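# Structural description and commentary
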Protein chains: 2
Amino acid sequence: MHNNYFHIFTATNMKNQKRTTIYDIARKLNLNASSVSRALSNTSKVSEATRKLILDTAREMNYQPNSLASNLRRGSNRTIGVIVPRINQNFFADIIAGLEEITYENGYNLVICQSNESYKREVECVNTLINQQVNCIVMSVAAEFEDDEHIRNIQKNGIRLIQFDRVADELDTLKVLNDNRQASVEAVSHLVEQGYRRIALLEGPQNLNIFRQRKEGYLQALAEHGIEVRPELMKVNAWTQELSAEATRELLALSDPPDAIFASTSDFSALGVLQVATELGLTVPDQLGICGYSNEAFTEITNPSITTIDQHSVEMGNAIARLYFREAKLDATASGPKTITIKPQLIIRESSSRHKF
Amino acid sequence: MHNNYFHIFTATNMKNQKRTTIYDIARKLNLNASSVSRALSNTSKVSEATRKLILDTAREMNYQPNSLASNLRRGSNRTIGVIVPRINQNFFADIIAGLEEITYENGYNLVICQSNESYKREVECVNTLINQQVNCIVMSVAAEFEDDEHIRNIQKNGIRLIQFDRVADELDTLKVLNDNRQASVEAVSHLVEQGYRRIALLEGPQNLNIFRQRKEGYLQALAEHGIEVRPELMKVNAWTQELSAEATRELLALSDPPDAIFASTSDFSALGVLQVATELGLTVPDQLGICGYSNEAFTEITNPSITTIDQHSVEMGNAIARLYFREAKLDATASGPKTITIKPQLIIRESSSRHKF
DNA sequence: AATTATTATGCAATCGATTGCTTATTGTAA
DNA sequence: TTACAATAAGCAATCGATTGCATAATAATT
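Bear in mind that the values here come from a model prediction, so they are computed numbers and not experimental data.

## Let's talk about the pairing of strand β7 (residues 199–202) of chain A
All names here are of chain A.
- Burial of the side chains of β7 extends over both faces: Ile199 and Leu201 are buried on one face and Ala200 and Leu202 on the other.
- With 4 bridges joining them, β7 and strand β9 (residues 260–263) adopt parallel strand pairing. Residue pairing for β9: Leu201 is matched across the bridge by Phe262.
- In this sheet, strand β8 (residues 234–235) lies alongside β7 in parallel orientation, the contact comprising 2 bridges. Paired with Leu201 across the bridge in β8 is Met234.
- Of the crossover connections in this fold, the one passing from β7 over helix α9 (residues 209–224) to the parallel β8 is right-handed.

## Description of helix α5 (residues 90–105) of chain A
Residue and element names in this part refer to chain A.
- Taking 1.5 Å per residue as the helical rise, α5 with its 16 residues ought to reach 22 Å, and the 23 Å between its terminal C-alpha atoms agrees with that figure.
- Within α5, 12 of the 16 residues are buried, leaving the element largely enclosed by the surrounding structure.
- Buried residues of α5: Phe91, Phe92, Ala93, Asp94, Ile95, Ile96, Ala97, Gly98, Leu99, Glu100, Ile102 and Thr103, and no others.
- Residue Gly107 follows α5 closely and has a positive phi angle near 70°.

## Some thoughts on the packing of aromatic side chains
- Under the criterion given, the structure shown has 14 aromatic pairs over all chains.
- Ring centres of Phe91(A) and Phe92(A) lie 5.1 Å apart, and the angle between their planes is 65°; this geometry places the pair in the edge-to-face category.
- Aromatic pair Phe211(B) and Trp239(B): ring centres 6.1 Å apart, planes at 80°, arrangement edge-to-face. Of this pair, Phe211(B) sits in helix α9 (residues 209–224) while Trp239(B) sits in the loop between β8 (234–235) and α10 (241–252), and the two are 28 residues apart along the sequence.
- By way of ring pairs, the aromatic residues Phe91(A), Phe92(A) and Phe164(A) are connected into one cluster.
- Just above the ring of Tyr293(A) sits the side chain of Arg214(A); from NZ or CZ to the centre is 3.6 Å.
- It is Arg121(B) that lies over the ring of Tyr104(A); its NZ or CZ is 3.3 Å from the centre.

## With respect to the domain arrangement of chain A
All names here are of chain A.
- If you check the domain split of chain A, you get domain 1 (22–65), domain 2 (76–178 + 314–342) and domain 3 (180–311 + 346–352).
- With 14 residues of domain 2 at the contact, the number on the domain 3 side is 10 residues.
- Note on domain 2 versus domain 3: buried area summed over both sides is about 980 Å², and carbon and sulfur give 43% of it.
- On the domain 2 side of the contact with domain 3, Ala143, Arg166 and Asn178 bury the most area, a combined 44% of that side's loss.
- Connecting domain 2 to domain 3 are 1 salt bridge.
- Between Arg212 and Asp169 there is a salt bridge whose closest N-O contact spans 3.8 Å.
- Here domain 2 is connected to domain 3 by 4 residue pairs in polar contact (both at pLDDT 80 or more).
- Within the side of domain 2 that touches domain 3, the residues separate by chemical class into 8 nonpolar, 2 polar and 4 charged.

## Side note on the environment of Gln220(A)
- Note on placement: Gln220(A) falls in helix α9.
- Considering only alpha carbons, one finds Gln220(A) and Thr307(A), 87 residues apart in sequence, at a separation of 20 Å.

## Considerations on the pattern of salt bridges
- Per the stated rule, a full pass over the model turns up 34 salt bridges over all chains.
- What emerges from the salt-bridge pattern is a single network uniting Arg198(A), Arg230(A), Glu232(A) and Asp256(A).

## A few points about the packing of helix α1 (residues 22–29) of chain A against helix α2 (residues 33–41) of chain A
All names here are of chain A.
- Packing of α1 against α2 leaves a shortest axis separation of 8 Å and a crossing angle of 110°. The angle between α1 and α2 places the two elements in the roughly perpendicular class. Of the two elements, α1 crosses α2, and the hand of that crossing is right-handed. From α1, Ile22, Tyr23, Ile25 and Ala26 reach across to α2, where they touch Ala33, Val36, Ser37 and Leu40.
- Across the contact of α1 with α2, the residue classes tally to 7 nonpolar, 1 polar and no charged.

## Concerning the pairing of strand β4 (residues 136–139) of chain B
Residue and element names in this part refer to chain B.
- Going residue by residue along β4, you find Cys136 and Val138 tucked away on one face and Ile137 and Met139 tucked away on the opposite face as well.
- Here 4 bridges tie strand β2 (residues 79–84) to β4, and the two strands are oriented parallel to one another. Looking across to β4, one finds that Val82 is bridged to Val138.
- Bridge count between β4 and strand β5 (residues 160–164): 4 bridges; the pairing is parallel. Across the sheet, Ile137 pairs through a bridge with Leu161, a residue of β5.
- With helix α7 (residues 149–156) bridging β4 and its parallel neighbour β5, the resulting β-α-β unit is right-handed.

Rules used in this analysis
- Residues numbered from 1 in each chain as written.
- Chains lettered and ligands numbered in written order.
- Predicted model: local features only at pLDDT ≥ 70, side-chain atom pairs only at ≥ 80, totals over all residues.
- Heavy atoms only, no water.
- Buried < 20%, exposed > 50% of the residue type's maximum accessible area, 1.4 Å probe, protein only.
- Helix = DSSP H or I, 4+ residues; strand = E, 2+ residues; numbered from the N terminus.
- Pairing = 2+ DSSP bridges.
- Right-handed = clockwise from strand over helix to strand, strands pointing away.
- Expected span 1.5 Å × (residues − 1).
- Phe/Tyr/Trp six-rings, centres within 6.5 Å; stacked < 30°, edge-to-face > 60°.
- Lys NZ or Arg CZ within 6 Å of the ring centre and 35° of its normal.
- Domains from an automatic or database assignment.
- Contact = heavy atoms within 4.5 Å.
- Buried area = accessible area lost by both parts, 1.4 Å probe.
- Salt bridge = Lys/Arg side-chain N within 4 Å of Asp/Glu carboxyl O.
- Polar contact = N/O pair within 3.5 Å; in protein donor to acceptor, adjacent residues only side chain to side chain.
- Nonpolar A, V, L, I, M, F, W, Y, C, P; charged D, E, K, R; others polar.
- Axes fitted to C-alpha atoms, helices over the stretch in contact; angles between N-to-C directions.
- Parallel < 35°, antiparallel > 145°, perpendicular 65-115°, else oblique.
- Left-handed = near helix turned anticlockwise from the far one by under 90°.

Put into structure tokens, the structure is as follows:
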């Protein structure tokens, strides 16, 4: 794998040079390290003259503060740890980008871990971040969930915890959520308004709260519109493109097949549906309506374009980071857990826009 | 922005508990901290009995090692810093995911920064990572490039540096590159083989090496096939979907317009081309051939699907991390800079597959 | 000019783990 | 049983920055 498309060749070299410390600066100026520290951190208590002298010398000696030392002393890292199932999944990549914007503004850093949807990895990630003394852990739990002891352990160690999107509901932590239920209600209601009546649901793993909520929203919308629930129209664990394609084939083979499919798991699922519909020669949206979830970039480009739900992921990342910094200020007073709910937005596109019956 | 789709409500609380240190364990067992340290780090010199005792007590007291302290003492972080222009761009997200896989296996962490294509931000990111004493910095330079002093500074501080994809060529560092030139040669040759003769090029900013190389490849392929270079077919800085669309309109308005366009900057550019072609009623690939770059997920889904170049991004991330760990082992001996070149792969799809003339 | 109030600087402990060196303990060989 | 080797455990310095407290130097007040 990491072998046959590589060509390797060598060049020259580098060397280690000992770093300048505040002691080096102090020695050179015949001062005490504490003064240097004060000058650099700008904590009054130093005369303007020496401060200037110190800053100049620092620059001249190419001084770079050693964060490890100051972190140890201060017992803080100015770092936020992030644990996501997959870094390179659009939603999470956007969340991270959103987090980064705000943490950067505040002079904090981000340490990233991915659990790969594995419980074991998730526990390890948590431990690493605890050892690193990060100030805060931001996480979305892995699909494989066994126990929340590791999550509790975060708080035991005095580290702030913000859960987002996929959360361990029962835990009393800061949470930033999408209103999945509401979004699903809107999506399904939209389908109903477009004249679809036999609406199928592709579900994600029900151990994850987000997928349960989306299902609830689906049921709620049907109820609100007085549409009977047909269990055979609800397919479990259809959360990849392939699984969804398969589920779609089964659905369309029913004697009374659906006239619309709400792929509540992702846009990739919706894509699977579209693919099968195309194969079977069904016209979308006329014969089959489709709605996905997440507003992946490609939904705009497919033919027909796909109706979906935008989760405001980057803004969600921003919100998470802002929540941390706001709470951090209240610090000792520890105002306690809050939940922020972000309202996703239904994006109506061709795949569900039936030219009125 | 971070206000109108939020609902906030409050719940209960958490508290700080002082962390257990090796001293606590030592005190409890009437031992010296050094023994505890040795037992935990598994450096012989401790009897089996006491080691077991210590480990058990550690568990019981919920001990979590303080990495800040040991990092300071060891002068190392077991951390790799990553600087990319944008975290949530497919290529970079994949690189990061690839990096993470391998660094995780080796017990290292990843600190992520994004330069947002800004030179100033890039410099700041570099400084932060130097202060953090990361073991290695992995970076791809921002489009806005002024000077490489900050990059040199990395090495001055004894930190390993691996540049990838967009690199400061003149610097003598570890590099992991795509063979952009070769990939472009193949792409353009493919177009020629499909019978296209008036092949246009959409270029990226020429201050970035990768875009220069892609242009070189284009020129080389034309030369190899004895096709005359027409400067008016080469459009600079067409590196967003919008800019490319505009460039395409200009190209197609020429008296002798191109019959194929190589959007060497990205698949988004290719999308811009496709969009304009559709607008103008040109059939792709018959009247106009299109080739993009990057193999974004959507290229497979568009209609027609888009021919493009896969950069093996995740594998590239793996390769970068492996390079670091391999080099780290040679450590003192410092075998010196190497370059690894990854061969991208041309993915031929509908947008360039002309049913032979 | 003498005394007090301010400000600048130095001193030394601290954060928690690591590690070279010394000392105590146990085991082995003669 | 004595001498010596091997192993276990303790001591103390160290990594570099921060910070409360003490002292020195300067400015302000009467």
